[in-house]
Amino acid sequence: MKIVVLVKEVPDMESKFKIIDGAKIDESQIAFKMNDFDAYAVEAALQLKEKFGGEVIIISAGPDRVTKEVRQAFAMGADWGIHVNDPQIDAGDNFVVSSALVKAIESLGGADLIMTGVQSEDYQASLTGVVIADMLGLAHCTNVVKIDVAADQKTLTINRELEGGLNEVLEMSAPAVLTIQSGINEPRYPTLPGIMKAKKKRLDVKKAADLGVAELGEAGSKTKFIKMFFPVSDHKAEIIEGDAKTAAKTLVDKLKNEAKVI
Amino acid sequence: MAQRFVSERNLKFLLYEVFDAECLVRYPYFSDHSRDTFDMVLGTAMKLGEEILYPAFQEMDRKPPEYADGAVRVHPSVKAYMRASGEGGWINAMHPYDAGGQQLPYMVFSACGFIFCAANYSLSVYPVLTAGAAHLIETFGSEELKRAFVKNMHAGKWQGTMALTEPDAGSSLADITTTAEPADGYYRIRGQKIFISAGAHDGVENVVHLMLARIKGAPAGVKGISLFVVPQRRINDDGMLVFNDVTCAGIYHKLGYRGAPITQLAMGDNDDCRGFLVGEANRGLAYMFQMMNEARIDVGLSAAAIASAAYYAALEYAKERPQGRKATEKDPTKPQAPIIEHADVKRMLLFQRSVIEGAFSLILQLARYTDMCRVTDGAERERCELLVDLLTPIAKSYPAEMGIHAVSQGMQCLGGYGYCDEFPLEQYYRDARIHPIHEGTTGIQGMDLLGRKVVMKNGKAMALYFDEVRSTIQSASGDDALSACADELEAALKTLEDVTAHLAGIAMKGEIELFLADATLYLELFGIIAIAWQWLAQARVARKALQGNPSESDSNFYNGKLAAFRFFFAYELPRIAGLARRLRNSDGLTVAMKTEYFED
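Residues numbered from 1 in each chain as written. Chains lettered and ligands numbered in written order. Predicted model: local features only at pLDDT ≥ 70, side-chain atom pairs only at ≥ 80, totals over all residues. Heavy atoms only, no water.

## Observations regarding the overall build of chain B
Counting secondary structure elements, chain B contains 19 helices and twelve strands. A globule of 600 residues ought to have a C-alpha radius of gyration of about 25 Å, and chain B, at 25 Å, matches this closely. Judged by the C-alpha coordinates and their principal axes, chain B covers about 80 × 65 × 60 Å. Relative to its 600 residues, chain B shows a buried fraction of 56%. By sequence separation, contacts in chain B at least 24 residues apart represent 75% of the contacts at least 6 residues apart. Just so you have it, chain B exposes about 24500 Å², and 51% of that area is on carbon and sulfur atoms. (Helix = DSSP H or I, 4+ residues; strand = E, 2+ residues; numbered from the N terminus. Rg over C-alpha atoms; globule rule 2.2 N^0.38 Å. Buried < 20%, exposed > 50% of the residue type's maximum accessible area, 1.4 Å probe, protein only. Contact = heavy atoms within 4.5 Å. Areas by Shrake-Rupley, 256 points an atom, 1.4 Å probe, with all protein chains shown as cover.)

In structure tokens, the structure reads:
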């Protein structure tokens, strides 16, 4: 099977986030890693490759540092990849990035399966998989927690997770796009031999022009970014310190003069 | 927030900024590597630490190995981790490609080892012991032995151990009594061993002991000791594993480090224990010392790593625990301050950092020399080998001894909670205590340093060491912010030279007992100066980085480094004055002390 896995780099959520000019995260202060949901997708693809043979191709969009996550997938066992590296694409919204990823997939002559995480840990839009399926005119299934591929390598039986602890089972045909839910498997750890091989695996770097992507940056986006901010809670709590008598006096004073409720 | 046990930022600072690990890739042996592969290896080690090792840290302590009917049942994580270590290529990571390894530099592997030990010391030891034992077979064993044992050990299927200690021969290996009688293609082994780490357990299919024994008729003392491979189960003619008459007679119940069984072994109860000679007869102790020296550096690394985990637990608590107010705040209605704002808590945290980061820096310094041994030859190789030899007792003992004090100060930050098992500090304290004891006690290390290492090759190693430290002093002298500390380190070196000359004078007079009486204090003095050297080297890099307009988080990191550096020079280095005073006084107080005076 020819399986494409779309991998995104996200900030490590343990990082200290700082917003610059209300517009973007200060990237100098944070560490990056592979989106956890995408790691499950890589593992699912590798398991299918082990069963049916074929190849696993990683596609990722982002700046130079993204190669680290692609090579991480290589170290797990993926075969080769495409790095879509163009600031004009990065400056666009999900539609622009998805358009570029679609062009990269088309440059491969398509694939039997396209997988990605159900969402990214940072933006949590859950859009990439479904937008790409729509652009490619393929069937898709989200929240996938189990994949069975029949011997014909075309018939897919998919379990998807629903709210309330439910699953539903669907049948569909490849080629298709699947967005993978966490817990579907246990992503393998890269091995040291895998890490050494990863360095030598093929990684094609593509610009927007190489892929023929026309929709770029803000102009090509379907949405307009306005601002980014840390929400301020409207609810305030205050712990009144001191012995019981002093604290009670302070509380009455605050209820009378600040909250004006008594 | 996930429990933090190491600073990845600090590991990378030491690896790349202080010790320039990337420079190794210029040598053909390491040329397949790059910063990217090093980072990926470190990243994978962090994942293993966070996802396999740390989750079992507390449970392995609460549910220690169980012994029943000669079998030892260990925590299920042992099997999982041994498998992950074998399949991941960690057990033979530093080996050449043609031996199945990945030619990983020792520096990078040490950083990974630091992560594993900090995450869960008990669990981390299983593959480390296996790697050391397999390395002995590979280095000195016959091709037949290598074929029979090494592959399964590297795969994490078979455990390796180091079987030296006996009931009446611990530090004094010259007195071991386990015997080996020549038979048809093997030796019949009879005897007992105690304190054998991971000597029997159900996390693996087999246990392979690298065991010291005396061939019948061998000379007395250390010159009659040979090294044998003694498997718990041997391979019969049909290729099946069968009982090799090695019985686990019991396990010890320990203060800490409780996730790894320390076993008592009986060999030859049925007169059917077969051992296989490694290398030449009567050369066993020399062979074993290859493994022992590696193991001693590993002990230092582990001690610093446990202290690191304790530090981050204490730091997290200190940031979150409000208690008391600043001394200048007189209003009791004002909120309490987090305890990290109190100067005495800052002192305790700085002490921990200064010990941990200084000690780990020394470990990496030795790892760097070891890596250079692999890629150089002639005089440069000899220089690096001598420096590793000289500094091994320091790299073992300074973190082992001071790591306990560091963890203790971490516990102190938590007050009463630190003493309770709701927080991990009490476990770190118990886990840390083994390190001055195993792989050669601190007393043995002191005698090794003063009685052997300092004087070897007519003091050549010492001269090389002084050159190394003075090179760092010289490079720091031009920086106004560092020059005073550079001068202090130069004065400390002169103190060390003076004390060494004084003690050598006693040795020259043939008063050997007096010469070695305070070797432990000499080791301590030497260790403090070695750590000061490492701090000056780190401070130089931090100062330079701060001049390059770093980001806010980097700026905080480098300023933190400088604070820990200044702390070490202000609070720790002055301790050498008292030690030097005692070492210069050769009144023989302890030598003269009579046993009967200890009665009441």
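## Brief notes about the packing of aromatic side chains
The geometry of an aromatic ring pair comes down to the distance between the two centres and the angle between the two planes. Residues and elements named next belong to chain B. Within the structure shown, the criterion is met by 26 aromatic pairs over all chains. Centre to centre, the rings of Phe 195 and Tyr 252 are 4.9 Å apart; their planes meet at 55°, and the pair counts as tilted. In this pair, Phe 195 is assigned in strand β5 (residues 187–197) and Tyr 252 in the loop between β10 (246–251) and β11 (262–267), connecting sequence segments 57 residues apart. Taking the relative accessible area as the measure of exposure, Phe 195 reaches 48% and is therefore partly exposed. Looking at Tyr 252, the relative accessible area reads 29%, which means it is partly exposed. In textbook terms, an aromatic cluster arises when at least three aromatic residues are bridged by ring pairs, as seen for Tyr 465, Phe 466, Tyr 522, Phe 526 and Trp 533. The ring of Phe 557 has Arg 9 lying over it, and the distance from NZ or CZ to the ring centre is 4.3 Å. Above the face of the Tyr 186 ring, Arg 274 is positioned so that its terminal group lies 4.3 Å from the ring centre. (Phe/Tyr/Trp six-rings, centres within 6.5 Å; stacked < 30°, edge-to-face > 60°. Lys NZ or Arg CZ within 6 Å of the ring centre and 35° of its normal.)

## Some thoughts on the sheet that holds strand β10 (residues 155–161) of chain A
Residues and elements named next belong to chain A. Overall, mixed pairing links the nine strands, which are arranged β11-β10-β9-β12-β8-β1-β6-β7-β13 in an open sheet. With one partner strand each, in any of the chains shown, β11 (167–173) and β13 (203–206) form the two edges of the open sheet. Neighbour to neighbour, the strand axes of the sheet diverge by 35° on average, direction disregarded. Pairing analysis gives seven bridges linking β10 to β11, with the strands arranged antiparallel. Across the sheet, residue Leu 156 finds its bridge partner in β11, namely Met 172. Its contacts with the sheet place helix α1 (residues 36–52) against β1 (2–6), β6 (55–61), β8 (113–117), β9 (139–149) and β12 (176–180), and it is angled at close to 150° to β8. (Pairing = 2+ DSSP bridges. Axes fitted to C-alpha atoms, helices over the stretch in contact; angles between N-to-C directions.)

## Structural notes on the interface of chain B and chain A
If you look at the interface, chain B gives 29 residues, while chain A gives 19 residues. Roughly 2000 Å² of surface becomes buried between chain B and chain A when both sides are summed, with 63% attributable to carbon and sulfur atoms. Those elements that provide at least two residues to the side of chain B that touches chain A are α2 (35–53) and α17 (552–572) of chain B. The biggest single contributor to the side of chain B that touches chain A is α2 of chain B, with eight residues. (Buried area = accessible area lost by both parts, 1.4 Å probe.)

## Looking at helix α4 (residues 76–87) of chain B
Residues and elements named next belong to chain B. Taking 1.5 Å as the rise per residue, α4 with twelve residues should run 16 Å; its terminal C-alpha atoms sit 17 Å apart, in good agreement. When we look at burial in α4, the residues that qualify are Ser 77, Val 78, Tyr 81, Met 82, Ala 84, Ser 85 and Gly 86. Looking at the buried side of α4, the elements it contacts are α2, α3 (57–62), α5 (106–119), α6 (121–140), α7 (143–154) and β3 (158–163). One or two residues past the end of α4 sits Gly 89, with phi positive at roughly 80°. (Expected span 1.5 Å × (residues − 1).)

## Re the environment of Arg 65 of chain A
Residues and elements named next belong to chain A. Tracing the chain through its elements places Arg 65 in the loop between β6 and α2 (67–76). Residues Arg 65 and Lys 8 lie 57 residues apart in sequence; the distance between their C-alpha atoms is 11 Å. When sequence neighbours within four positions are dropped, the list of residues in contact with Arg 65 reads Glu 9, Glu 27 and Phe 32. At 2.6 Å, the side chain of Arg 65 forms a polar contact with the side chain of Glu 9. (Polar contact = N/O pair within 3.5 Å; in protein donor to acceptor, adjacent residues only side chain to side chain.)

## Examining the pattern of salt bridges
Residue and element names in this part refer to chain B. All told, the structure shown has 52 salt bridges over all chains when counted by the stated rule. Measuring nitrogen to oxygen at the nearest pair gives 3.1 Å for the salt bridge that ties Arg 234 to Asp 272. Of the two residues, Arg 234 sits in strand β8 (residues 233–235) while Asp 272 sits in the loop between β11 and β12 (274–277), which places them 38 residues apart along the sequence. Where Asp 518 meets Arg 582, a salt bridge forms, and the shortest distance between an N and an O atom there is 3.5 Å. (Salt bridge = Lys/Arg side-chain N within 4 Å of Asp/Glu carboxyl O.)

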